Amino acid sequence: MKFSTAAAILALTTSIQAQAQTELIFDDTPAFALGGPAILLFDSAKAQAEAETGDNTRLLRGKRKEGKKKDRKECDPSDIVLADYPQWNAEKGYWIGEYSFYGPDGKPYASAWPYEYDAYKGFITGNVEGNAYRQRNVFFYPPARNSTCELFNLDLQPNVTGDGECGANGNSLVFFADQEATTCSDNPELAGDVNGPFNSAFGPLPTTTELVGDGNALLYQVYVPGNPNPLQSQLATLTKGRGSDEFNLRTRTAQGLNFVTGQQAYASFYRERKVTEEEFYSEMNNTIAEYIILDSDLCFLDGGAGRTPVANYTAGYEQCVAHLQTSFDL
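Presented here is a report on the structure given in the accompanying data block. Keep in mind the model is a prediction, meaning the values are calculated, not measured. (Residues numbered from 1 in each chain as written. Predicted model: local features only at pLDDT ≥ 70, side-chain atom pairs only at ≥ 80, totals over all residues. Heavy atoms only, no water.)

### Section: the overall build of the protein chain
So, point 1. Broken down by element type, the protein chain carries 5 helices and 16 strands.
So, point 2. Scored against the burial criterion, the 330 residues of the protein chain give a buried share of 51%.
So, point 3. Within the protein chain, contacts between residues at least 6 apart in sequence are counted, and of these 68% link residues at least 24 apart.
So, point 4. Here the protein chain has roughly 15,100 Å² of accessible surface; of this, 51% comes from carbon and sulfur atoms. (Helix = DSSP H or I, 4+ residues; strand = E, 2+ residues; numbered from the N terminus. Buried < 20%, exposed > 50% of the residue type's maximum accessible area, 1.4 Å probe, protein only. Contact = heavy atoms within 4.5 Å. Areas by Shrake-Rupley, 256 points an atom, 1.4 Å probe, with all protein chains shown as cover.)

### Notes on helix H3 (residues 146-154)
So, point 1. For H3, the complete set of buried residues consists of Thr148, Cys149 and Phe152. Viewed along the axis of H3, the buried residues span an arc of 100°, placing them on a single side of the element. Of the exposed residues in H3, the ones pointing more than 90 degrees away from its buried face are Asn146, Leu151 and Leu154.
So, point 2. Residue leucine 156 follows H3 closely and has a positive phi angle near 55°. (Arc of directions from axis to C-beta.)

### With respect to the side chain of glutamate 272
So, point 1. The topology assignment puts glutamate 272 in strand S14 (residues 264-275).
So, point 2. Relative accessible area serves as the criterion here: at 3%, glutamate 272 is assigned to the buried category.
So, point 3. Here the side chain of glutamate 272 touches tyrosine 99 through a polar contact of 2.7 Å, side chain to side chain.
So, point 4. Of note is the side chain of glutamate 272, whose polar atom sits 2.6 Å from the side chain of arginine 252.
So, point 5. For glutamate 272, the contacting residues outside a window of four places in its chain are Trp95, Ile96, Gly97, Tyr99, Ile124, Asn248, Leu249, Arg250 and Arg252. (Polar contact = N/O pair within 3.5 Å; in protein donor to acceptor, adjacent residues only side chain to side chain.)

### Notes on the side chain of arginine 134
So, point 1. Within the secondary structure layout, arginine 134 lies in strand S7 (residues 132-141).
So, point 2. Within polar-contact distance, the side chain of arginine 134 engages the backbone oxygen of threonine 326 at 2.8 Å.

### Remarks on the packing of aromatic side chains
So, point 1. In total, this model carries 21 aromatic pairs according to the counting rule given.
So, point 2. Aromatic side chains tyrosine 99 and tyrosine 120 sit 5.6 Å apart centroid to centroid with 70° between the ring planes, which places their arrangement in the edge-to-face category. Of this pair, tyrosine 99 sits in strand S5 (residues 93-102) while tyrosine 120 sits in strand S6 (residues 120-129), and the two are 21 residues apart along the sequence. Summarising the burial analysis for this pair, tyrosine 99 and tyrosine 120 share the class buried.
So, point 3. Feature note: the residues Tyr99, Phe101, Tyr109, Trp113, Tyr115, Tyr117, Tyr120, Phe139, Tyr141, Phe175, Tyr266 and Tyr270 constitute an aromatic cluster, connected by ring pairs.
So, point 4. The ring of tryptophan 95 carries the charged tip of arginine 250 above its face, separated from the ring centre by 4.4 Å. (Phe/Tyr/Trp six-rings, centres within 6.5 Å; stacked < 30°, edge-to-face > 60°. Lys NZ or Arg CZ within 6 Å of the ring centre and 35° of its normal.)

This is the structure in structure tokens:
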């Protein structure tokens, strides 16, 4: 049963191990899965009709205007069908990403993760079913350059994670995201917006996601209470490639900021394309071979939990496939 009353606020109960490098809270975090319970608002035909007819029972940014509200049905979050909305519907399927991540000086970011950030790859599966959303990711990193290995040696830091050798083998990380609607209310003025806490190293932080553009983009921002500057501002844009009648390209850029001084901290540039299952796994195999990632280093370290092993995960290619396919067990 589809939900067809006025715009609904969906409280998303989220169990997210956020796509993030350990050193940066919000690196590699998708706009649609940004941690902690969030509030999502959807528009509907009735909400549009109310706006056109000037029905003053609407809510305006949380403040109800005076007016009648009789005959308004109670919403039921179990009736929400996320696939009815283009942004969520586009999440279904297989996505391959080309990623670049930069520091405040405009050069590839450097961290305690001894692999390169200027060009790495991501493989993402997503699915929606009723009022629930799931995403599973695997990121592959190429071997460090000899110059990077030498820097780690000079600093007396481990220059490799796992069983490989610095400069010879790459590595991988996995990420998780699960969300579902648990409560709802009507508010057409906020249709499409997301609000809620992001569970960070600083504790819960307020976030907002607004639908912007021509129904094809989202602006996500994170703030630290009491500070005027955002900690992160991320734009995700969905586009239709040549000859396609559906969203099959996604571009994400995240800007990290010092929320006290306003200075730039980092920036990311993610280019993603939607592909068939066959192309997805074929390119994943090619990437593992290209980056010379050992089977013992495949798909068992949780990138959202300090790169610690995932419980009940066994390293290997089969684990990569099993992890990614769980999106479709929703």
